[in-house]
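# Results of the structural survey
Listed here are the chains, written in short residue letters.
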Amino acid sequence: MRSSERHLQDLKELSDQISPKVKETYWLKFLTFSCDTGFGNLLAKQLVDRGMQVLAACFTEEGAQKLQQDTSYRLQTTLLDVTKSENIKAVAQWVRDKVGEQGLWALVNNAGVGLPSGPNEWLTKEDFVKVINVNLVGLIEVTLHMLPMVKRARGRVVNMSSSGGRVAVIGGGYCVSKFGVEAFSDSIRRELYYFGVKVCIIEPGNYRTAILGKENLESRMRKLWERLPQETRDSYGEDYFHIYTDKLKNVMQVAEPRVRDVINSMEHAIVSRSPRIRYNPGLDAKLLYIPLAKLPTPVTDFILSRYLPRPADSV
C-alpha cells in the first residue's frame, strides 16, 4: 500500500474512534480560510464527510454558495477578505457566536496568492505588498483575533506555508511572505505551548492550484517585461526574458495535479493526537527543496543559480 493511502487509512480509523457526540459538540469545530477553491475547499469537504463541523470563510459569494451546496448542514460559510481589518473583526465575532464557551478546536490559515512573481528587479513595492498582505499580514491578523477561542479549546493552529518558505526559489512577495509565515508560526508555537495549543506548518511542494491565477503565464511575464525601463531591459536582454518565461512554464507543467497528500496532511494536523510541527507533502519537497534548504548556503546558491538564464550584462 502506498504511504499516502496508508496515511489516509490511519486518518479514517482515528476519525471513526471519535464519538458522534464529541464530533457534534466540541472536538472538531474548526475554521478554515480561502475555501472557494483548492486546498481549503477540498479540506472542508473532506472534514464534513468525516462528520466534523466546519466554519468556512470564502472570498466570494459564488464560492461560498457552491461549497454550501456541495456539502451539508455541518458546514457553515461566511465571506472574508483577509486584507480588510473590519471584515476580520466581524468574522471573528461570527465564529465566537458559533463556538461559544467551548472554543475553536482548529484554525486553518489557507488564504494565499502567488502573483506577481518574477525577478525582483522587475517588480514594484506594490507587487510585493499585494502578496504579503494576503499571505502574511492577513494570516497574522486573523490568527490574533482567533487565538482566544483556540486557547479556550486547547486546540491548534494550522498555517499553510510552502517549500518556498524554506528556500527562496523565485523572486517577488511569495517566498518573502512564506518565510514570514514560518517565523510567525515558530514563535507562536513556543508561546502557546503552555496553553496546550499546537501549531503546525504545511510546506507543500509544487502543486497545481488556483494560486497562480487564470491568466496566461507568458502574457503576465510580458506585462512585467514591457513596463521596465529600457535600461533594465537592455541589462537583461530579450533572450533572458524568453528563457526565464519558458523555465517558469516548465515548472507549472510539471506541477503535481493530485493534491490529496496535502489535504491529508492538513487533516492529520487537525485531528491527530500528536500532530507534526511541519508537513512536507510532495516528492519534490522531500527530495529537492528541503535538502536545498539544509545545504550550506553557497552550495544552494550554486545549484539554483544554474537554473537561471545568464543576463546580457553578466560578468
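Residues numbered from 1 in each chain as written. Predicted model: local features only at pLDDT ≥ 70, side-chain atom pairs only at ≥ 80, totals over all residues. Heavy atoms only, no water.

On to a negative patch on the surface. On the surface, Glu121, Glu231, Asp234 and Asp313 cluster together into a negatively charged patch. A relative accessible area of 55% places Asp313 in the exposed class. (Patch = residues over 30% accessible without salt bridge, like charges linked within 9 Å, V, L, I, M, F, W, Y side chains within 5 Å. Areas by Shrake-Rupley, 256 points an atom, 1.4 Å probe, with all protein chains shown as cover. Salt bridge = Lys/Arg side-chain N within 4 Å of Asp/Glu carboxyl O. Lys, Arg positive; Asp, Glu negative; His and termini not counted. Charge placed at Lys NZ, Arg CZ, Asp CG, Glu CD. Buried < 20%, exposed > 50% of the residue type's maximum accessible area, 1.4 Å probe, protein only.)

Glancing now at the packing of aromatic side chains. Enumeration according to the criterion identifies 9 aromatic pairs in this entry. Judged by centre distance (5.6 Å) and plane angle (85 degrees), the rings of Trp122 and Tyr236 are edge-to-face. Taken as a pair, Trp122 in the loop between strand S4 (106–109) and helix H6 (125–153) and Tyr236 in helix H9 (residues 230–236) lie far apart in primary sequence, 114 residues in all. The exposure classification of Trp122 matches that of Tyr236, with both residues buried. A ring pair is formed by Trp225 and Phe241, whose centres lie 5.5 Å apart and whose planes are at 25 degrees; its orientation type is stacked. Separated by 16 residues along the polypeptide, Trp225 in helix H8 (residues 217–226) and Phe241 in helix H10 (residues 238–253) bring together distant segments of the chain. Among the aromatic residues, those joined into a ring-pair cluster are Trp122, Trp225, Tyr236, Tyr240, Phe241 and Tyr244. One cation-aromatic arrangement involves Arg306 over Phe302; the distance from NZ or CZ to the ring centre is 4.4 Å. (Phe/Tyr/Trp six-rings, centres within 6.5 Å; stacked < 30°, edge-to-face > 60°. Helix = DSSP H or I, 4+ residues; strand = E, 2+ residues; numbered from the N terminus. Lys NZ or Arg CZ within 6 Å of the ring centre and 35° of its normal.)

Moving on, we come to the pattern of salt bridges. Counting across every chain of the model gives 14 salt bridges. For Lys66, the salt bridge identified is with Asp70, shortest N-O distance 2.7 Å. With a gap of 4 residues between them, Lys66 and Asp70 both fall in helix H4 (residues 61–70), about one helical turn apart. Among the residues examined, Lys66 registers a relative accessible area of 46% and is labelled partly exposed. For Asp70, a relative accessible area of 37% gives the class partly exposed. Among the salt bridges present, the one from Glu218 reaches Lys249, with a minimum N-O distance of 2.8 Å. Remark: Lys249 occurs in helix H10 and Glu218 occurs in helix H8; sequence separation between them is 31 residues.

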